[in-house]
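Here are the chains, one letter per residue:
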Amino acid sequence: MTEDEIAYERRSAAPVIAPVRPRKLAKVPFVELAEGRLQGVVSSGSDASRVYVSSITAGDHGLSCTTNNNRPCGGLGAARPCNHIGALIDAAVAQYGLDRVTRYLKADLPEGEQDLRRGLHPTTAPRHSAEVFSSFLRHLAYLELPPAADPLPELQWFPAAGAVR
């Protein structure tokens, strides 16, 4: 390990990783690989006040898609993704890259295939909308904070740079 890599591991803040390519935040304002899922929030195409909370679990590729009012998505089939899941996949690939998302979801993509949907073997998953939407709201709260270099109280359990030996 180089000295820079060791210093990186000791920092209290993780660097922001630039997206692989630009994506439209209006359609999918929130996407993350977390909690063993590809999860995010997808805007409704028909109602500005509605969003869909969508997720795909890693490994078994369980699909879940509900509205912010916890109503099931009408387009989600037992073994086929709805348009919201498709938009989530597209945003994740733009944000993290096809290889990273494929590895995270433990999908088997045929050689040369660029459509992640072809590597999924979807099943129905329990709804994770509360956890995903809560994570989205937590991220939104950070956008409302004024710019500052001071540490955030809720992140104080991270060690300061140089504190870990």
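Just so we're clear, the structure is a prediction, and the values are computed from it rather than from any experiment.

> I tried to follow a nonpolar patch on the surface on my own but got confused; where do I start?
A cluster of nonpolar residues, Leu137, Leu140 and Leu143, forms a patch on the protein surface that exposes about 290 Å² of accessible area. Turning to its location among the elements, Leu143 is positioned in helix 4 (residues 129-143).

> Just to check I follow, could you spell out the sheet that holds strand 3 (residues 51-57) for this structure?
The pairing of strands in a sheet comes from backbone hydrogen bonds and takes either a parallel or an antiparallel form. The five strands lie next to each other as 1-2-3-4-5, forming an open sheet whose pairing is mixed. This sheet does not close on itself; its edge strands, each paired only once, are strand 1 (30-34) and strand 5 (123-124). Inspection of the sheet shows strand 2 (residues 37-43) paired to strand 3 by seven bridges, in the antiparallel sense. Paired with Leu38 across the bridge in strand 3 is Ile56. The strands touched by helix 3 (residues 98-105) are strand 1, strand 2 and strand 3; relative to strand 2, the strand with the most contacts, the crossing angle is about 120°.

> Looking at this structure, how should I read the pairing of strand 1?
Taken residue by residue, a regular strand's side chains alternate between the two faces of the sheet. For strand 1, a buried count of five out of five residues is recorded, marking the element as mostly surrounded by other parts of the structure. Neither face of strand 1 is open: one carries Phe30, Glu32 and Ala34, the other Val31 and Leu33, and all of them are buried. Pairing analysis gives five bridges linking strand 1 to strand 2, with the strands arranged antiparallel. Within strand 2, the residue paired with Glu32 across the bridge is Gln39.

Cut-offs used in this document
- Residues numbered from 1 in each chain as written.
- Predicted model: local features only at pLDDT ≥ 70, side-chain atom pairs only at ≥ 80, totals over all residues.
- Heavy atoms only, no water.
- Patch = residues over 30% accessible without salt bridge, like charges linked within 9 Å, V, L, I, M, F, W, Y side chains within 5 Å.
- Areas by Shrake-Rupley, 256 points an atom, 1.4 Å probe, with all protein chains shown as cover.
- Salt bridge = Lys/Arg side-chain N within 4 Å of Asp/Glu carboxyl O.
- Helix = DSSP H or I, 4+ residues; strand = E, 2+ residues; numbered from the N terminus.
- Pairing = 2+ DSSP bridges.
- Contact = heavy atoms within 4.5 Å.
- Axes fitted to C-alpha atoms, helices over the stretch in contact; angles between N-to-C directions.
- Buried < 20%, exposed > 50% of the residue type's maximum accessible area, 1.4 Å probe, protein only.

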